[in-house]
Amino acid sequence: MDTTSLPFKVAATRRMLYREGCDSNVGGHVTARAEGEDAFWATGFEYFDQTTPDKVAKLDLDLNVLEGELSFSPALNFHARIYQLRPDVHAIVHLHSHYLSVLSSVEGRTIGMYNVGS
């Protein structure tokens, strides 16, 4: 097993997110740009704790599968667009964790952007 490969790193990241309570059930993705290519590695619909490197596929920016197999998710559209517009972005984590879902359901409050960049 090549622990330096992007499929391994994507799968490992999903499992780490799961262990830290950031599971999205089947909603959410971790993707990584394929170095030197207009492509990225992604997973389809599955639970974060079930991801293995063989379930990570490479897609081009038009969402054609280049390597592996993938149960397509519409959310991958915005991953492809971000990679297309932002060559400085090398990975994207998109999830709907329990606590984020609770926080976003607070009535009458706007949820802002909370990260280092904002």
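Let me sum up the structure you'll find in this document. Computed from a predicted structure; not experimentally measured. (Residues numbered from 1 in each chain as written. Predicted model: local features only at pLDDT ≥ 70, side-chain atom pairs only at ≥ 80, totals over all residues. Heavy atoms only, no water.)

**Remarks on the overall build of the protein chain**
Helices and strands together make up the secondary structure of the protein chain, namely 3 helices and 5 strands. N-terminal to C-terminal, the α/β element order of the protein chain is α-β-β-β-β-α-β-α. Within the span of the protein chain, comprising 118 residues, buried residues form 35% of the whole. For the protein chain, restricting intrachain contacts to residue pairs at least 6 apart in sequence, the fraction spanning at least 24 positions comes to 49%. If you sum the accessible surface of the protein chain, you get close to 7600 Å²; carbon and sulfur atoms cover 54% of it. (Helix = DSSP H or I, 4+ residues; strand = E, 2+ residues; numbered from the N terminus. Buried < 20%, exposed > 50% of the residue type's maximum accessible area, 1.4 Å probe, protein only. Contact = heavy atoms within 4.5 Å. Areas by Shrake-Rupley, 256 points an atom, 1.4 Å probe, with all protein chains shown as cover.)

**Looking at the sheet that holds strand β3 (residues 57–60)**
Spatially, β4-β3-β2-β1-β5 is the arrangement adopted by the 5 strands of the open sheet, whose pairing is antiparallel. One side of each edge strand has no neighbouring strand; the edge strands of this open sheet are β4 (65–67) and β5 (91–95). Here the strands of the sheet are splayed against their neighbours by 30 degrees on average, with no regard to which way each runs. Sheet topology places strand β1 (residues 28–33) next to β5; 5 bridges connect them, and they run antiparallel. Within β5, the position partnered with Ala32 by the bridge is Ala91. Contacting β1, β2 (39–42) and β5, helix α1 (residues 6–19) runs over the sheet at an angle of about 150 degrees to β1. Packing against the sheet, helix α2 (residues 76–85) makes contact with β1, β2, β3 and β5, and its axis sits at approximately 30 degrees to β1. (Pairing = 2+ DSSP bridges. Axes fitted to C-alpha atoms, helices over the stretch in contact; angles between N-to-C directions.)

**What about the pattern of salt bridges?**
Going through the model one piece at a time under the given rule, you end up with 4 salt bridges. Salt-bridge contacts for Glu37 lead to Lys58; the nearest nitrogen and oxygen are separated by 3.0 Å. Highlighted residues: Glu37 in the loop between β1 and β2 and Lys58 in strand β3, separated in sequence by 21 residues. Classification of Lys58 as buried rests on a relative accessible area of 8%. In this structure, Asp88 engages Arg86 in a salt bridge whose closest nitrogen and oxygen atoms are separated by 2.6 Å. The partly exposed category is assigned to Asp88, whose relative accessible area is 47%. Note on Arg86: relative accessible area 43%, which makes it partly exposed. Among the charged side chains, a salt-bridge network with shared partners connects Glu37, Lys58 and Glu67. (Salt bridge = Lys/Arg side-chain N within 4 Å of Asp/Glu carboxyl O.)

**Considerations on unusual backbone geometry**
Its identity is not glycine, yet Leu63 carries a phi of approximately 70 degrees, on the positive side. When you line up the elements, Leu63 lands in the loop between β3 and β4.

**Description of a nonpolar patch on the surface**
Taken together, the side chains of Leu100, Leu103 and Val106 define a hydrophobic patch exposed on the protein surface, amounting to about 230 Å² of accessible area. Mapped onto the secondary structure, Leu103 falls in helix α3 (residues 98–104). (Patch = residues over 30% accessible without salt bridge, like charges linked within 9 Å, V, L, I, M, F, W, Y side chains within 5 Å.)

The values are spatial; any link to function lies outside them.
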